[in-house]
Amino acid sequence: MNKKQDLLAMTIDELELIMDTIGEKTYRAKQLFSWLHKGVLSFDQMTNIPKSTREKLSRNFYITHLKELKQLNSRDGLTTKYLYLLPDDNIIECVVMEYSYGTTLCLSTQVGCKMGCSFCASTKAGLIRDLTAGEMLAQVLYVNKALLEKEKKAIRGLVLMGSGEPLDNYNNTLKFLQLVHDPQGLNIGYRNITLSTCGLVPEIRALAEEGLSINLAVSLHAPNDSIRGKIMRVGRAYRIKDIIDACSFYFKKTGRRITFEYAMINKINDKLDHAKELANLLKGFPCHVNIIPLNQVKESELKRSNNESVQAFIKILEEKGVQVTRRREMGADVDGACGQLRSTFIAEKQK
Ligand code: SF4
């Protein structure tokens, strides 16, 4: 691993401290920050910073580089998946999705994941390592630069829903949010950012205390603890009741309505009684339920529910006054599920 520090992971305050420490004027920090957040990776291109300063920086620091291994475009043209190689040879993926309200990037926060959800390809080899704030930011900068060059459009929103559990990498995720929101950088509004969690109760409460107005999406996927514990290992650690209490606290602190993700799995969580149980659980709570037929991965035996079951499930929630939508399925033809493209790529390499 590189012993030098990554400049991409630094706030302007931290860059000012660095400039001061290396005997340079602190206003250079803003110039540097601006170059970095435009996706400039080479010190040579930072032409308004003196050569001697750039040399000092390159001797003591580095800028995270990602190497694009693969880019896959879905047939409908609405989804592009990117596979990147990190400097330590780990591989991560992220996906760009076109919505009516703008281009959104779904990024990874860890290499692998230790949460063990039974339907997820990202967790099969466990957690390999956390991503740094700079590595998360690099995904946004790389994709943003590519989109601007090719299509003259920028990323408008972010979802932290790729590989990894963002709240299991709490400090790096928080720093990344701060960096990407900085008005002197990409200036992505907190309201345009959604963090998805499998339901880590203490961290949801901690995030609420930060007072950021980011959207919270909780992967619920079951109407009771018994079913949840069977398909999500984390369901054995935290009860649904405690997750809802933490979400209620999050809503009180941020004013942001919670989204509950519900992947419908054939014969596991898709019965009409499950819909009724879910409706009772969420009655009166300021939330929205996102239903998605399971995105099947070859690493799991679980199958998606059929269309009739999905429709009937949604109808019951609607009748009981729960706000519900069926999430648009995106990128199934480009290994759209979390971690799937990465695991396919690694398996092919090992053949
Ligand atoms: S669904 Fe998310 S939290 Fe669960 S194993 Fe996959 S990456 Fe981890």
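Residues numbered from 1 in each chain as written. Predicted model: local features only at pLDDT ≥ 70, side-chain atom pairs only at ≥ 80, totals over all residues. Heavy atoms only, no water.

### Here we look at the environment of Pro-50
Step number 1: Structurally, Pro-50 can be placed in the loop between helix H2 (28-37) and helix H3 (51-60).
Step number 2: A relative accessible area of 30% places Pro-50 in the partly exposed class.
Step number 3: In this structure the C-alpha to C-alpha distance between Pro-50 and Arg-28, which are 22 residues apart in sequence, comes to 9.4 Å. (Helix = DSSP H or I, 4+ residues; strand = E, 2+ residues; numbered from the N terminus. Buried < 20%, exposed > 50% of the residue type's maximum accessible area, 1.4 Å probe, protein only.)

### Points about the packing of aromatic side chains
Step number 1: With the rule as written, the count across this model stands at five aromatic pairs.
Step number 2: Note on Tyr-84 and Tyr-142: the rings are 5.7 Å apart at their centroids and 70° apart in plane angle, and the pair reads as edge-to-face. With Tyr-84 in strand E4 (residues 79-85) and Tyr-142 in helix H4 (residues 133-151), this residue pair connects regions lying 58 residues apart in the sequence. A single burial state applies to Tyr-84 and to Tyr-142, both of which are buried.
Step number 3: One aromatic cluster is present, formed by Tyr-82, Tyr-84 and Tyr-142 through successive ring pairs.
Step number 4: Lying across the ring of Trp-35, Lys-38 places its NZ or CZ 5.2 Å from the centre.
Step number 5: Positioned above the aromatic ring of Phe-249, the side-chain terminus of Arg-205 is 5.1 Å from the ring centre. (Phe/Tyr/Trp six-rings, centres within 6.5 Å; stacked < 30°, edge-to-face > 60°. Lys NZ or Arg CZ within 6 Å of the ring centre and 35° of its normal.)

### Remarks on the environment of Leu-72
Step number 1: Tracing the backbone shows Leu-72 in strand E3 (residues 67-73).
Step number 2: Once the C-alpha coordinates of Leu-72 and Val-297 are considered, the two residues, 225 residues apart in sequence, prove to be 17 Å apart.

### Some remarks on the nonpolar core
Step number 1: Of all hydrophobic cores here, the largest spans 104 residues; its most connected members are Leu-7, Leu-158, Phe-176, Phe-260 and Ile-291.
Step number 2: Per element, the largest residue contribution to this core is nine residues, and it comes from H4.
Step number 3: When residues of this core are assigned to domains, at least three fall in each of domain 1 (5-62) and domain 2 (67-350).
Step number 4: When neighbours within four sequence positions are excluded, Ile-291 is seen to be in contact with Tyr-262, Met-264, Val-310, Phe-313, Ile-314, Leu-317, Val-324, Thr-325, Arg-326 and Arg-327. (Core = buried A, V, L, I, M, F, W, Y, C linked by side-chain atoms within 4.5 Å. Domains from an automatic or database assignment. Contact = heavy atoms within 4.5 Å.)

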